[in-house]
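Here is how the chains run, residue by residue.
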There are 2 protein chains.
Amino acid sequence: MNKDYSILFSLVVEGRWKAVTLELEKMNEVDAAAFLEEVSHEDAITILRLMDKDRAARIFSNLSDGTMASIIQKVTGDEIRLIMDRLASDDAVDMLQEVPANIVKRILANVKSEDRTTLNEFLRYPEASAGSIMTNEYLVLRKWMDVRAAIEHIRRFGSDSETIYTCYVTDAENRLEGVVSVKNLLLASDKAVVEDIMERDVIFAETLDDREEVAHTIARYDLLALPVTDSERRLVGIITVDDVIDVITEENTEDFEKMAAMAPSDKPYLKSSVFTLARNRFLWLLVLMVSGMITGGILARYENAFSVLPVLVTFIPMLTDTGGNAGSQSSTMIIRGLALAEIDDRDVLKVFWKELRVALVVGAGLAAVNFVRLMLVGSGGLLVALTVALSLYATVIMAKTVGGILPIAARKCHLDPAIMAAPLITTIVDAFSLVIYFSIAVRLLGI
Amino acid sequence: MNKDYSILFSLVVEGRWKAVTLELEKMNEVDAAAFLEEVSHEDAITILRLMDKDRAARIFSNLSDGTMASIIQKVTGDEIRLIMDRLASDDAVDMLQEVPANIVKRILANVKSEDRTTLNEFLRYPEASAGSIMTNEYLVLRKWMDVRAAIEHIRRFGSDSETIYTCYVTDAENRLEGVVSVKNLLLASDKAVVEDIMERDVIFAETLDDREEVAHTIARYDLLALPVTDSERRLVGIITVDDVIDVITEENTEDFEKMAAMAPSDKPYLKSSVFTLARNRFLWLLVLMVSGMITGGILARYENAFSVLPVLVTFIPMLTDTGGNAGSQSSTMIIRGLALAEIDDRDVLKVFWKELRVALVVGAGLAAVNFVRLMLVGSGGLLVALTVALSLYATVIMAKTVGGILPIAARKCHLDPAIMAAPLITTIVDAFSLVIYFSIAVRLLGI
């Protein structure tokens, strides 16, 4: 991304394809792919065709799903077979999910029949499931192999595997019996048998598990790969740590977007069209605007109060903003805690109690600052100062407890805490804080 | 965390330590450590003392830094040596950063002198640098070794390494010359020489690089480990992918906290004290409350306007909320893009232009909805409807462009975009939107 591709670009402009190819051969495949993302798909195809087939395939597999999909729509059936033959099954599935149905058909028509069966099967796993991100390129050992035979097996069959560092031991029915790392194989004596060095208490996922759960498991146990089984514990794939890093980054981006009231997108910002960005943002803004109108309606009920004492209006931004900020702090902590599985549904009372105490401390400080300030420089006198300080205190307490509980409540109702709690919290707190404020004002000031 | 430890807890309560130990021997070390986090430090020490030394050390290394630090303060000098001897250098450094200076002294007094030198050196790297998270347990090969000799070397010396899967090739001055994976070693013929199969174009970090940059590099190139060199390219350590996952998660949590106007914390929510939580939240709430007062001051200048036409007040929440939400959407997208290095400082004009167009589209939609609604059910007539719709349109445009540019401006001033842009955006937008609103009102309505 930050590499300097200017020489390469000028070679492309001049149509010096052979020189481009030679330059790309010297580069890391990831960087070469990043360069191809920046040229037209036609140019990318010209360049890839001139390269060594294996290297071209490896560079291709580092392209974004969208670029892969555009390129594959434009090449010959033979080339499709060549590419698909070399693409890891998880990358192939990702790409197939991007292209229109008629192109999927054309691609599947051009791959080997056993690949077609696998791909069709993998494509059926629900989005964001373990099955949808796994690959079927892994190494299987038998438990009666000795270390020498196992290493020999790895050396013969390892080149097509996504990883060789974790090998799986299965029985005749393909049920997962154990896992053995190449580290343990290498550190054991040649005569040791796989059965004796394999880990039997295998940590695994099932195909329908959520990919976020898979990421937690890999992170928690510091794994390089996690085996995936069907419901009968038959091994069907593996998920490697590099893919999990991408999952973590995507899930975090999604949470950031949801918490800022946007529909999640999968393209980087600069590559998203104005229309896509506008569409992702409009709906939530509309929903929240309508909620804002309701708040306006609440405010209208107190028109009498602020007609009599217009100075009351000037404290509204400070009150609602502080309430909104206090609530966002709490909801953000809880949403993040839920996402990292540090907090679960049963902790609702603990969270309430903790937020209440934090609010009592923080709210007292803020209210005191406000009271002193209004007594020193305010024009409204003691009762107005008291009204504002009390309202602020009550608002902070309300905002923090609602902010703490709402995400857990959303989760309990099987709603996404990030999307249900974060954008709504400011609006909810706004409405409540105005009610609190004017109720106190009406009583204390007798208006 | 979600495991059921109830049987273990009752064994601890009954003081049946041997039975506890036996149960823990059967568990994964990560889960065993998670259990020890839940008992008192004294009980944890009792249990660890009864276990096999190596296993106890491995479980110990999976404890949180805080628990490690408390335990090590309470054990004997011999036990300290035993623990430190088995702890990877990165875990040791993390732990040492947690304990008071006098305990660091005691620990360092009890380790082997070469470990003391290394630890002292590692402790000097700045927080959040590559040097501060690297480990010095890695495997070095020589380029003249053949594959058989290299594998033999790995088998003899690999047990103390953080990873054996990536080996480093250095010259006589310890300068990094190449990197070779165990996969390439195993897939090559026995007679091949390391020099011929090693990758010479090594991707590496320097000790002072930011750990977030390290995470990007490892994620971008799908690495299992990244070598770290000093400024003269001498190899001094490695950073493994599992540590990078923790870095990514921590950095994301920090960004969530900063964007919700909180000082970042390193403890999970439920383990943080009320005082810590209150302290982390108070300062920003105070700063933003004061800004809210300034907004109130702006509002006071228009007291005349809303005394004449109190209905104007009822649109304030809707206007400021929509502005705040529109601004947060934009700033969140840009902050995230900057964090993922998808956007850089030079993109400021591109971002401005994109946000402007998105705002024109989104703002038009929202303003239209508002106008129609006010014409149908509002009490203020055409001019009020026009005032509100126009103000909303201008507010959305202002909010989105400010929200897009502010994070980049913060970065350019070497400030953290997450902390400078996100909490402030709502407050800034509030103030501007009120000025826009009342300026338009005064002009259109002639008040």
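All values reported here derive from a predicted model rather than from experimental measurement.

K.L.:
Even after reading the chapter, I still don't get the overall build of chain A, so can you show me in this structure?
P.N.:
Helix and strand counts for chain A come out as 22 helices and six strands. Scaling as 2.2 N^0.38, a compact globule of 447 residues should have a C-alpha radius of gyration of about 22 Å, whereas chain A reaches 30 Å, well beyond that. Expressed as a percentage of the 447 residues in chain A, the buried residues total 53%. When contacts within chain A are restricted to residue pairs at least 6 apart in sequence, those whose partners lie at least 24 apart make up 67%. As displayed, chain A offers around 19000 Å² of accessible surface, 55% of which is attributable to carbon and sulfur atoms. Side-chain charges of chain A comprise 45 positive and 63 negative groups, with the mean position of each set lying 1 Å from the other.

K.L.:
Would you explain the environment of B:P100 in this entry?
P.N.:
Residue position: B:P100 is located in the loop between α8 (89–96) and α9 (101–110). Remark: the alpha-carbon pair of B:P100 and B:L299, spanning 199 residues in sequence, is separated by 51 Å.

K.L.:
What's the story with empty space enclosed by the protein in this structure? I'm lost.
P.N.:
Rolled over the atoms, a probe sized like a water molecule indicates the empty space that remains. Throughout the structure, instances matching the rule amount to one cavity of 30 Å³ or more. Considered as a void within the structure, the largest cavity measures approximately 670 Å³ in volume. Around the largest cavity, the lining is made up of 38 residues, and of these A:S328, A:T426, B:M259, B:S328 and B:T426 lie nearest the centre. For the lining of the largest cavity, the secondary structure elements donating two or more residues are α16 (241–259), α19 (316–339) and α22 (417–445) of chain A together with α16 (241–259), α19 (316–339) and α22 (417–445) of chain B. Residue classes in the lining of the largest cavity are distributed as 18 nonpolar, 16 polar and four charged.

K.L.:
In this structure, what is going on with the packing of aromatic side chains? I would like to understand it.
P.N.:
For any pair of aromatic rings, geometry is given as the distance between the ring centres together with the angle between the planes. In total, this model carries 18 aromatic pairs over all chains according to the counting rule given. With centroids separated by 6.1 Å and ring planes inclined at 55°, the aromatic side chains of A:F306 and A:F438 adopt a geometry described as tilted. Taken together, the residues A:F306 in helix α18 (residues 303–308) and A:F438 in helix α22 connect sequence positions 132 residues apart. Each member of the pair A:F306 and A:F438 is classed as buried. Judged by centre distance (5.2 Å) and plane angle (50°), the ring pair of B:F9 and B:F35 falls under tilted. Here B:F35 lies in helix α3 (residues 29–38) and B:F9 lies in helix α1 (residues 6–13), a separation of 26 residues in the sequence. What links up through ring pairs into an aromatic cluster is the set A:Y302, A:F306, A:Y437 and A:F438. Here the guanidinium or amino end of A:K354 rests over the ring plane of B:Y269, the centre of that ring lying 5.8 Å away.

K.L.:
Just checking my understanding: could you explain the pairing of strand β5 (residues 225–229) of chain B for this structure?
P.N.:
The two faces of the sheet receive side chains in turn, since in a regular strand these alternate between them. All names here are of chain B. Within β5, five of the five residues are buried, which leaves it mostly tucked inside the rest of the structure. Here β5 shows a buried face lined by A225, P227 and T229 and a second buried face lined by L226 and V228. Where strand β4 (residues 205–206) lies against β5, two bridges are found, and the strand directions are parallel. Following the sheet pairing, E206 is matched in β5 by T229. Summarising the sheet, β5 and strand β6 (residues 235–240) pair through five bridges and their orientation is antiparallel. Bridge pairing in β6 links T229 to L235. Hairpin geometry of β5 and β6 is characterised by an intervening segment of five residues between the two adjacent antiparallel strands and by a positive phi of about 65° at R233.

K.L.:
How should the packing of helix α2 (residues 17–26) of chain B against helix α4 (residues 41–50) of chain B be read in this particular structure?
P.N.:
For any two helices packed against each other, the geometry comes down to the angle between their axes and how far apart the axes lie. Residue and element names in this part refer to chain B. Two elements in contact, α2 and α4, have axes separated by 9 Å at closest approach and are oriented at 70°. Accordingly, the angle class assigned to the pair α2 and α4 is roughly perpendicular. For the pair formed by α2 and α4, the contact residues are W17, K18, V20, T21 and L24 on the first element and D43, T46, I47 and L50 on the second. The residue inventory of the contact of α2 with α4, partitioned by class, reads five nonpolar, two polar and two charged.

K.L.:
It is not clear to me how the layout of surface pockets should be interpreted in this structure. Could you clarify?
P.N.:
Residue and element names in this part refer to chain B. Reported here for the second largest pocket is a volume of approximately 320 Å³. Looking at which element gives the most residues to the lining of the second largest pocket, the answer is helix α12 (residues 147–157), with five residues. Grouping the amino acids of the lining of the second largest pocket by side-chain chemistry returns five nonpolar, no polar and eight charged.

K.L.:
Explain the sheet that holds β6(B) here, please?
P.N.:
Adjacent strands of a sheet form backbone hydrogen bonds with each other and so pair up, either parallel or antiparallel. Reading across the sheet, the three strands line up as β4-β5-β6 (chain B) and stay open at both edges, with mixed pairing between neighbours. Where the open sheet ends on each side, the last strands, each with one partner, are β4 and β6 of chain B.

K.L.:
Help me out: how do you make sense of the relation of the copies chain A and chain B in this one?
P.N.:
What relates the pair of chain copies is a rotation about an axis plus a shift along that axis. When chain A is brought onto chain B, the operation consists of a screw motion whose angular component is 180° and whose axial shift is 0.0 Å, with 0.0 Å RMSD remaining. Given the turn and translation reported, the copies of this chain are related as if by a two-fold rotation axis. Across chain A, the smallest distance between a C-alpha and the rotation axis is recorded for A:S307, namely 3.0 Å. By residue overlap, the copies meet face to face through one surface: 100% of the interface positions of chain A are interface positions in chain B.

K.L.:
Could you clarify how one ought to interpret the interface of chain A and chain B in this entry?
P.N.:
Each side of the interface is counted separately: chain A has 115 residues, and chain B has 116 residues. Approximately 10100 Å² of surface area, both sides summed, lies buried where chain A meets chain B, with 68% of it carried by carbon and sulfur atoms. Between chain A and chain B we count six salt bridges in total. When the shortest N-O distance is used, the salt bridge between A:R220 and B:D31 registers 2.7 Å. Between the two partners, chain A and chain B, sit 35 residue pairs in polar contact (both at pLDDT 80 or more). Per-element accounting of the side of chain A that touches chain B gives the leading share, 15 residues, to helix α17 (residues 274–300) of chain A. Its residues assigned to classes, the side of chain A that touches chain B comprises 61 nonpolar, 26 polar and 28 charged.

K.L.:
Can you help me understand the sheet that holds strand β1 (residues 140–141) of chain A in this one?
P.N.:
All names here are of chain A. One open sheet holds the three strands; their spatial order is β1-β2-β3, and the pairing between them is mixed. In the strand order of this sheet, the two ends are held by β1 and β3 (176–181), each with one partner. Strand direction decides the pairing type here: β1 and strand β2 (residues 166–170), joined by two bridges, are parallel. Paired with L141 across the two strands is V169, which belongs to β2.

K.L.:
What is the right way to look at the environment of A:D222 in this model?
P.N.:
Residues and elements named next belong to chain A. Its location among the elements puts D222 in the loop between α15 (211–220) and β5 (225–229). According to the relative accessible area criterion, D222 is partly exposed, its value standing at 37%. For the pair D222 and V241, spaced 19 residues apart in sequence, the C-alpha to C-alpha distance is 8.9 Å.

Rules of the game
- Residues numbered from 1 in each chain as written.
- Chains lettered and ligands numbered in written order.
- Predicted model: local features only at pLDDT ≥ 70, side-chain atom pairs only at ≥ 80, totals over all residues.
- Heavy atoms only, no water.
- Helix = DSSP H or I, 4+ residues; strand = E, 2+ residues; numbered from the N terminus.
- Rg over C-alpha atoms; globule rule 2.2 N^0.38 Å.
- Buried < 20%, exposed > 50% of the residue type's maximum accessible area, 1.4 Å probe, protein only.
- Contact = heavy atoms within 4.5 Å.
- Areas by Shrake-Rupley, 256 points an atom, 1.4 Å probe, with all protein chains shown as cover.
- Lys, Arg positive; Asp, Glu negative; His and termini not counted.
- Charge placed at Lys NZ, Arg CZ, Asp CG, Glu CD.
- 1 Å grid on protein atoms, 1.4 Å probe; cavity = no way out; pocket = protein on both sides within 12 Å on 5 of 7 lines; lining within 4 Å.
- Points joined across faces, edges and corners; volume = space filled by probe spheres on them.
- Nonpolar A, V, L, I, M, F, W, Y, C, P; charged D, E, K, R; others polar.
- Phe/Tyr/Trp six-rings, centres within 6.5 Å; stacked < 30°, edge-to-face > 60°.
- Lys NZ or Arg CZ within 6 Å of the ring centre and 35° of its normal.
- Pairing = 2+ DSSP bridges.
- Axes fitted to C-alpha atoms, helices over the stretch in contact; angles between N-to-C directions.
- Parallel < 35°, antiparallel > 145°, perpendicular 65-115°, else oblique.
- Least-squares fit on C-alpha atoms with pLDDT ≥ 70 in both.
- Buried area = accessible area lost by both parts, 1.4 Å probe.
- Salt bridge = Lys/Arg side-chain N within 4 Å of Asp/Glu carboxyl O.
- Polar contact = N/O pair within 3.5 Å; in protein donor to acceptor, adjacent residues only side chain to side chain.

Bear in mind that shape data such as this cannot, by itself, settle questions of function.
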